[in-house]
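# Summary of the model geometry
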Amino acid sequence: MQFSGWRVLKEGLTGNKGWTPHWRDPQPKSEYDIIIIGGGGHGLSTAYYLAKEHGLRNIAVLEKGYLGGGNIGRNTTIVRANYFLPGNSEFYSHTLKLWEGLEEELNYNVMMSQRGQIALFHSDAQRDAAARRGNAIINQGDDAEMLSVEKLRQMVPFLNYDNARFPIYGALLQRRAGTARHDAVAWGYARGADQLGVDLIQNCEVTGIDIEGGEVKGVQTVRGAIRAKKVAIVVAGRSSLVAAMAGMRLPIESHVLQAFVTEGLKPCIDHVISFGMGHFYISQSDKGGLVFGGDLDMYASYAARGNLPIIEHVMEAGMALMPRIGKARVLRSWGGIMDMSPDGSPVIDKTHIDGLYLNCGWNYGGFKAVPASGNCFAHLIATDRPHDAAAKFRLDRFATGRGIMDEEGTGAQHNLH
Ligand SMILES: Cc1cc2nc3c(=O)[nH]c(=O)nc-3n(C[C@H](O)[C@H](O)[C@H](O)COP(=O)(O)OP(=O)(O)OC[C@H]3O[C@@H](n4cnc5c(N)ncnc54)[C@H](O)[C@@H]3O)c2cc1C
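The paragraphs below set out a description of the structure included in this document. (Residues numbered from 1 in each chain as written. Predicted model: local features only at pLDDT ≥ 70, side-chain atom pairs only at ≥ 80, totals over all residues. Heavy atoms only, no water.)

## Some words on the site of the ligand
Taken together, 37 residues lie near the ligand, and Glu63, Asn71, Thr76, Tyr364 and Lys368 sit nearest. Here Glu63 contributes a side-chain N or O atom positioned 2.6 Å from an oxygen atom of the ligand. Residue Gly365 places a main-chain N or O atom 3.1 Å away from an oxygen atom belonging to the ligand. When the ligand sits alone it has 1000 Å² of accessible area, and the protein chains cover 96% of it. (Near = heavy atom within 4 Å. Polar contact = N/O pair within 3.5 Å; in protein donor to acceptor, adjacent residues only side chain to side chain. Areas by Shrake-Rupley, 256 points an atom, 1.4 Å probe, with all protein chains shown as cover.)

Here is the structure:
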């Protein structure tokens, strides 16, 4: 089913009876060339690019729940390319370019909104760091602009500029950054992959990985064994559990991250705004809700729900940044399980087992990575060579110490990235 203005008009006038399901609901076959474990954003985009760019068709995505029910449908939808370190920088540059053409690519409205991200700074030292980051972003070929506090006051007058503890000194702006509708991204990639012949199999938890003589042979699932020549693990917060099925111990910790949305309000925040003191970021959804989040819950867990101390912490940060938020009523909060890596950067790599591939370690930032992650991972799976934009996302950097990409400079403490 293709979308067009004409189709929307026709369906509107004929009672919307002509829409069909966006993807098939196939039974699993006994064998595939490639099995992708995990039907989140990264798994679905990997399947799509494998089919689209590499002409591979005999592929299944196995999802233990429903498509888009994991972190891809739980995030705060921020998309940006403002990373500092080589390795990350070229990758996120690649992803933002893919985002810019995504709706056309997928013929799907993912509500990509390049409304600009404003990253505030609150001290001279933070200003220096922002200028340095901005220069690195520009050198990479992306956009970055330093904003004086006067300019900022014109753009976002409602912030608390003169807070005695966290005065606002200015901001680094990336105009091409913004938001996209998270679950539409999963649906768009799912539909695109399905149209190219990929089997998307829901309610199909993988419970084991079959390996013989150092080579992957397939997987065990709650719906039976399925053979495969290649198997890709793309399960975000459950990476360590699934990799353990292949006898691997990953340097990944799983932590809860919460997010919040208020009741719908008239348009009042035009940008994505990140508070530079503490961890707080906010934007307004097209429905009017203020969508915001902050720190991790700070202890390892597989529970996709949060706890009260962090709720209080995030609300405090919101109040310090823009006191008028206190008038808005919070509608709901939720949690997702983050695959935190020791240096805050991801892994897209082969494993020591022939035919077994790994994509994980997305920390807080894997939504914006979805297009490039799938694109680069598909390249690796299809050609057995890393894509140039993801060549530094090697797993062995945690064993050798070479090639560590610690954006935050916080060291090997998973929950601080
Ligand atoms: C509250 C919150 C806010 C965030 N905000 C942002 C943001 O603003 N910007 C940003 O860039 N990133 C953000 N992120 C991070 C981003 O959402 C994640 O990094 C990214 O979605 C993870 O990749 P994924 O979409 O593939 O994960 P998921 O959607 O979690 O996909 C993994 C899938 O694997 C499945 N699975 C697990 N085990 C098995 C198994 N054994 N068998 C079969 N299937 C299995 C799961 O059910 C799941 O559907 C946020 C995350 C959260 C929770």
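## Quick look at the packing of aromatic side chains
Inspection of every chain in the model, using the stated rule, returns 14 aromatic pairs. For the ring pair Phe3 and Trp19, a centre distance of 5.7 Å and an interplane angle of 45° mean the geometry is tilted. Remark: Trp19 occurs in the loop between helix H1 (5-13) and strand S1 (31-37) and Phe3 occurs in the segment before H1; sequence separation between them is 16 residues. Residue class for Trp19 comes out partly exposed when judged on its relative accessible area of 30%. (Phe/Tyr/Trp six-rings, centres within 6.5 Å; stacked < 30°, edge-to-face > 60°. Helix = DSSP H or I, 4+ residues; strand = E, 2+ residues; numbered from the N terminus. Buried < 20%, exposed > 50% of the residue type's maximum accessible area, 1.4 Å probe, protein only.)

## Some remarks on the packing of helix H2 (residues 41-54) against helix H10 (residues 370-383)
As a packed pair, H2 and H10 sit with axes 7 Å apart at the nearest point and diverge in direction by 55°. In terms of orientation, H2 lies oblique with respect to H10. Read as a crossing pair, H2 and H10 show a hand that is right-handed. Contacts between H2 and H10 involve Gly41, His42, Ser45, Thr46, Tyr49, Leu50, Glu53 and His54 on the former and, on the latter, Val370, Pro371, Ser373, Gly374, Asn375, Phe377, Ala378, His379, Ile381, Ala382 and Thr383. Its residues placed into classes, the contact of H2 with H10 shows eight nonpolar, ten polar and one charged. (Axes fitted to C-alpha atoms, helices over the stretch in contact; angles between N-to-C directions. Parallel < 35°, antiparallel > 145°, perpendicular 65-115°, else oblique. Left-handed = near helix turned anticlockwise from the far one by under 90°. Contact = heavy atoms within 4.5 Å. Nonpolar A, V, L, I, M, F, W, Y, C, P; charged D, E, K, R; others polar.)

## What to know about the environment of Asp33
Structurally, the position occupied by Asp33 is in strand S1. Sequence-wise, Asp33 and Asn359 are 326 residues apart; in three dimensions their C-alpha atoms are separated by 18 Å. What Asp33 contacts, discounting residues up to four positions off in sequence, is Asn58, Ala228, Lys229 and Lys230. For Asp33, the side chain forms a polar contact with the side chain of Lys229, separated by 2.8 Å.

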